[in-house]
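Below, each chain spelled out in residue letters.
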Protein chains: 4
Amino acid sequence: MASKFFAVVAGVGAGTGRSVALRFAKAYPVVLLARKPESYNDIVAEIKQGGGQAIGISTDTADPKSVASAFETIKKELPDKKLAAAVFNVGAGLSRKGFLDLTLDDLRASLEGNAHGLFNFAKRVVPLLLESVDDSPHPPTLIITGATASLRGSVRFGDMAAGKFAVRALGQSLAREFAPQGIHVAHTIVDGVIDIPRTKHYEVNGGKPDGKIDPDAAKSTQIAESYWYLHTQPRSHFTQELDIRPYVEKF
Amino acid sequence: MASKFFAVVAGVGAGTGRSVALRFAKAYPVVLLARKPESYNDIVAEIKQGGGQAIGISTDTADPKSVASAFETIKKELPDKKLAAAVFNVGAGLSRKGFLDLTLDDLRASLEGNAHGLFNFAKRVVPLLLESVDDSPHPPTLIITGATASLRGSVRFGDMAAGKFAVRALGQSLAREFAPQGIHVAHTIVDGVIDIPRTKHYEVNGGKPDGKIDPDAAKSTQIAESYWYLHTQPRSHFTQELDIRPYVEKF
Amino acid sequence: MASKFFAVVAGVGAGTGRSVALRFAKAYPVVLLARKPESYNDIVAEIKQGGGQAIGISTDTADPKSVASAFETIKKELPDKKLAAAVFNVGAGLSRKGFLDLTLDDLRASLEGNAHGLFNFAKRVVPLLLESVDDSPHPPTLIITGATASLRGSVRFGDMAAGKFAVRALGQSLAREFAPQGIHVAHTIVDGVIDIPRTKHYEVNGGKPDGKIDPDAAKSTQIAESYWYLHTQPRSHFTQELDIRPYVEKF
Amino acid sequence: MASKFFAVVAGVGAGTGRSVALRFAKAYPVVLLARKPESYNDIVAEIKQGGGQAIGISTDTADPKSVASAFETIKKELPDKKLAAAVFNVGAGLSRKGFLDLTLDDLRASLEGNAHGLFNFAKRVVPLLLESVDDSPHPPTLIITGATASLRGSVRFGDMAAGKFAVRALGQSLAREFAPQGIHVAHTIVDGVIDIPRTKHYEVNGGKPDGKIDPDAAKSTQIAESYWYLHTQPRSHFTQELDIRPYVEKF
């Protein structure tokens, strides 16, 4: 693979972030950002074993200095590469508390983890994506992972919804500002439980075997394929918002 | 191609319907429904030339008898095939009149062309899709083409919006009723002008060359690819609504 | 009461229509439209007993001739009055059938009862409201009653949702076209069960005493007061959509 | 006036907050919260001159300690009063910058001013409203002022939209959690320019005289009346979201 472009995925772990990184690694060197190396080390190894190129960088996207430092590292490690795709997949701030038990720190964790996180990330990636408009294989893309709580403030989801609504607001603003310049900003609504080790014991949707969203990149058109599909849309044909939901999920 | 499945596309012409038919013909024999043979004849020929299998049937989807007759013809022509995918792409009822000039016939044309049309079509295809759940290569799929007017009643779009809103309502009901049985019902919001001969003279979005939605199936990820992408989503991962919009379109 | 204006309410019965008519009758002579005299006779009597002025006219709003005839009658009966407010409160088309049992006639009943009904009614009232812009005590108003099914196509609500979505589309188009001319078009989302004799046995929301929406105009700020409130909004301050929901209703 | 209840309005100034305070002062003693005394001094004087009761307290709702201190002051000043209504009308965080010029401090100002502000305010008022459920003249009410940016992330409104979306998310969570306990939480979408001294020079909507929203409580059904209307809705009939828009505003 001799792509002159790379992709960056913020927020990798056992679920969506991992599968997206594996999928994009088929086409580009991929940079993985997560707060702790144990979140990306195995994925980096997996990509390399598969013949791909990957770098992991410990980054707290809620901290602008940490993000700045990560992008300096990227510049050193991939000096000749331009950015083709950026994925913001950071999850933060679900305390599942009723309002009377919720603290300002719970709310702050969600707002900073989600909205500051996307802001800091976008401040770095948007200028790089703009530099790639003329020659990238697909329109330079920023994909943001949302959730049911991006559309609906439910009981015990006040903090999470505040952060996710704010992220959606920023995403819409970015889409409306930068689409005319050729940047594709898409937001996904992941409406369901991702099937990862942490959720193995969740009994959702009657426990049906495919009642959770399978992020596995090995399967043909799973969640990672959706992100890849969004990335490869031509600019005459941008999708701004996409919902993803297991067939048994009520909505 | 020896697929035991087929696809049916209602509403084919120069734009979306044609490109979708060409795309699905790569995998399945395709039945094309349109009111007049001149709408499908060239597409049938194009598919056959490309080595695919296609049948055109003159059908008025607003008329339940015409739809019933079309599906009897299908049964005769493709006696051993099961239905994998159905696309409702019928456009109807845009008079562009202010309300004071609008007639009940304008409104009726939109409601019958859009809502009756989808209803009559779905009455035939849903039972067939249910029969395919166990063995179709992808979850049996019904895709419905919507528009900006599906979400917004604008000035001079009252009749069209009434029909398109009603179609979206039916689509949501179908999705919620049949997703748990394994049927994928998706609705697209095509927010922009399709680049077809009829719209060649439309000066939209500053006349930029890719300011219209290109339905051409020959290109890699255009509108037809989106429909194919929706069809191939696994059931742990259904998208219900997808917007499609040129990068220069205001929204 | 010597108002030179009148109000017209289409769709009166035991619930919202009755209470709205009683409320508007405090300020204007009120014309009540319903298919059958038994739907309006008692309300007309009640208004007259209270010192108000009321006329009932048997009208099928889905039939343009019937509506035309009703407005000819109005012109004869109230020759010097101008129209201040019109309320479209017609309910139609809920079969509560699953899709496989739904018939085209079920769908047609909803589309014609709801969308044709509003269209026929608006064709008559909008020109009359335009004539009142300069001297009516409040901005001339058209209020349309919607429901949960105006926003959401649920299982067994396909036909109703199709009609209600279409009505909302028309309402938005009317609002956007005629607001700049001084007409106030508002749409309500009545999300809950109206507490009328027909629903007395409905056990909703745990059977709490005020778990249903009380349409009684005798109480100070009930549903009829909301419609009056909408009517009396000045034109610097129009509400287009208003939801109404009992405190115990899940949403 | 010998009400045993009071109202509190956070965010008073020349516009909505002032008019709402004047309107609620007709029924209750009113507490006015603003960062600076010059924002509330004149309104307090105006209410007292009109025979009402009012207290102004310098408060930064974004700071939980400041809010706690304000409510301790309230307890001392109005020791026997219970809370009937609370209005969160704090505006914050509109830089009108394109994304490339936006700073994290701009975003933080919006998130803290809007979302932290509502959170800190609600943490104090919700418990007080719960104590009033049984005997308040109207269902205890929390009304939150939103804007167009609560629903839509536009170009140069990214920071404001992030804060306003987050506020709407919190408002929905509060409504869904506390409505069944009898608390009415409503959110308004003020879609237009408020006609206050600061906006006198704004040429909106062709400069028509009533092209801006007039917050003046002296007029019968202006914005303050809408808040009063929301407050007086009975619990069988709660409105969760209400849009307010001048007749000439495009939407």
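Everything here concerns the structure above.
Rules and cut-offs
- Residues numbered from 1 in each chain as written.
- Chains lettered and ligands numbered in written order.
- Predicted model: local features only at pLDDT ≥ 70, side-chain atom pairs only at ≥ 80, totals over all residues.
- Heavy atoms only, no water.
- Helix = DSSP H or I, 4+ residues; strand = E, 2+ residues; numbered from the N terminus.
- Rg over C-alpha atoms; globule rule 2.2 N^0.38 Å.
- Buried < 20%, exposed > 50% of the residue type's maximum accessible area, 1.4 Å probe, protein only.
- Contact = heavy atoms within 4.5 Å.
- Areas by Shrake-Rupley, 256 points an atom, 1.4 Å probe, with all protein chains shown as cover.
- Least-squares fit on C-alpha atoms with pLDDT ≥ 70 in both.
- Phe/Tyr/Trp six-rings, centres within 6.5 Å; stacked < 30°, edge-to-face > 60°.
- Lys NZ or Arg CZ within 6 Å of the ring centre and 35° of its normal.
- Polar contact = N/O pair within 3.5 Å; in protein donor to acceptor, adjacent residues only side chain to side chain.
- Buried area = accessible area lost by both parts, 1.4 Å probe.
- Salt bridge = Lys/Arg side-chain N within 4 Å of Asp/Glu carboxyl O.
- Nonpolar A, V, L, I, M, F, W, Y, C, P; charged D, E, K, R; others polar.

J.: Could you clarify how one ought to interpret the overall build of chain A in this entry?
T.: Helix and strand content of chain A: six helices and seven strands. In chain A, the succession of α and β elements from N to C terminus is β-α-β-α-β-α-β-α-β-α-β-α-β. The globule rule puts the C-alpha radius of gyration for 251 residues at 18 Å, and the 17 Å found for chain A is close to it. Taking the principal axes of its C-alpha atoms as reference, chain A extends roughly 50 × 40 × 35 Å. Of all 251 residues assigned to chain A, the portion counted as buried reaches 63%. The long-range fraction of contacts in chain A, counting pairs at least 24 apart against all pairs at least 6 apart in sequence, stands at 69%. When the accessible area of chain A is evaluated, it comes to approximately 9200 Å², of which 49% is carbon and sulfur surface.

J.: Looking at this model, I keep getting lost on the relation of the copies chain A and chain D. Mind explaining?
T.: Copy one and copy two of the chain differ by a rotation about an axis and a translation along that axis. Relative to chain D, chain A is turned by 180 degrees and slid 0.0 Å along the rotation axis, the superposed coordinates differing by an RMSD of 0.0 Å. This pairing of chains is accounted for by a two-fold axis. When the interface residues of chain A are mapped onto chain D, 100% of them are again interface residues, pointing to one common binding face.

J.: I keep staring at the environment of Ala149(D) and nothing clicks. Help me out?
T.: Residues and elements named next belong to chain D. Secondary-structure assignment places Ala149 in the loop between strand 5 (141-147) and helix 5 (158-178). Overall, the relative accessible area of 5% leaves Ala149 in the buried class. Residues Ala149 and Met160 lie 11 residues apart in sequence; the distance between their C-alpha atoms is 6.7 Å.

J.: Please clarify how the packing of aromatic side chains should be interpreted in this entry.
T.: For any pair of aromatic rings, the description rests on two quantities: the centre-to-centre distance and the angle between the ring planes. Counting across every chain of the model gives 26 aromatic pairs over all chains. Ring centres of Phe24(B) and Trp228(B) lie 5.0 Å apart, and the angle between their planes is 80 degrees; this geometry places the pair in the edge-to-face category. With a gap of 204 residues between them, Phe24(B) in helix 1 (residues 16-24) and Trp228(B) in helix 6 (residues 223-232) connect regions that are remote in the sequence. Neither residue differs from the other here; Phe24(B) and Trp228(B) are each classed as buried. The interplanar angle of 40 degrees and the centroid separation of 5.8 Å between the aromatic rings of Phe88(C) and Phe121(C) together place this pair among those described as tilted. Of this pair, Phe88(C) sits in strand 4 (residues 82-88) while Phe121(C) sits in helix 4 (residues 104-131), and the two are 33 residues apart along the sequence. When sorted by exposure, Phe88(C) lands in the same class as Phe121(C), which is buried. Taken together through their ring pairs, the aromatic side chains of Phe24(A), Tyr28(A) and Trp228(A) make up a single cluster. Taking the ring centre of Phe251(B) as reference, the NZ or CZ of Arg245(B) above it sits at 4.0 Å.

J.: Can you help me understand unusual backbone geometry in this one?
T.: Leaving glycine aside, a negative phi is the common case for residues, and trans is the common case for peptide bonds. Although it is not a glycine, Arg96(B) adopts a positive phi angle of roughly 55 degrees. Positionally, Arg96(B) belongs in the loop between strand 4 (82-88) and helix 4 (104-131). Of note, the phi angle at Arg156(C) is positive, near 70 degrees, even though the residue is not glycine. Relative to the helices and strands, Arg156(C) is located in the loop between strand 5 (141-147) and helix 5 (158-178). Overall, Arg156(C) belongs to the partly exposed group, its relative accessible area being 45%.

J.: How should the side chain of Glu225(C) be read in this particular structure?
T.: All names here are of chain C. Within the fold, Glu225 resides in helix 6 (residues 223-232). For Glu225, a relative accessible area of 16% corresponds to the buried category. In terms of polar contacts, Glu225 uses its side chain to reach the side chain of Arg23, at 2.8 Å.

J.: I keep staring at the interface of chain A and chain D and nothing clicks. Help me out?
T.: Think of interface size as the accessible area that goes away when the parts come together; that is how it is often given. In this complex, chain A contributes 41 residues to the contact, which on the side of chain D involves 41 residues. Regarding the contact of chain A and chain D, the summed buried area is about 3400 Å², with carbon and sulfur atoms giving 70% of it. At the boundary of chain A with chain D, the tally comes to two salt bridges. Note that Glu112(D) and Arg108(A) form a salt bridge whose closest N and O atoms lie 4.0 Å from each other. The interface formed by chain A and chain D includes 16 residue pairs in polar contact (both at pLDDT 80 or more). Within the residue set of the side of chain A that touches chain D, elements represented by two or more residues are helix 4 (104-131) and helix 5 (158-178) of chain A. Considering only residue class, the side of chain A that touches chain D consists of 24 nonpolar, nine polar and eight charged.

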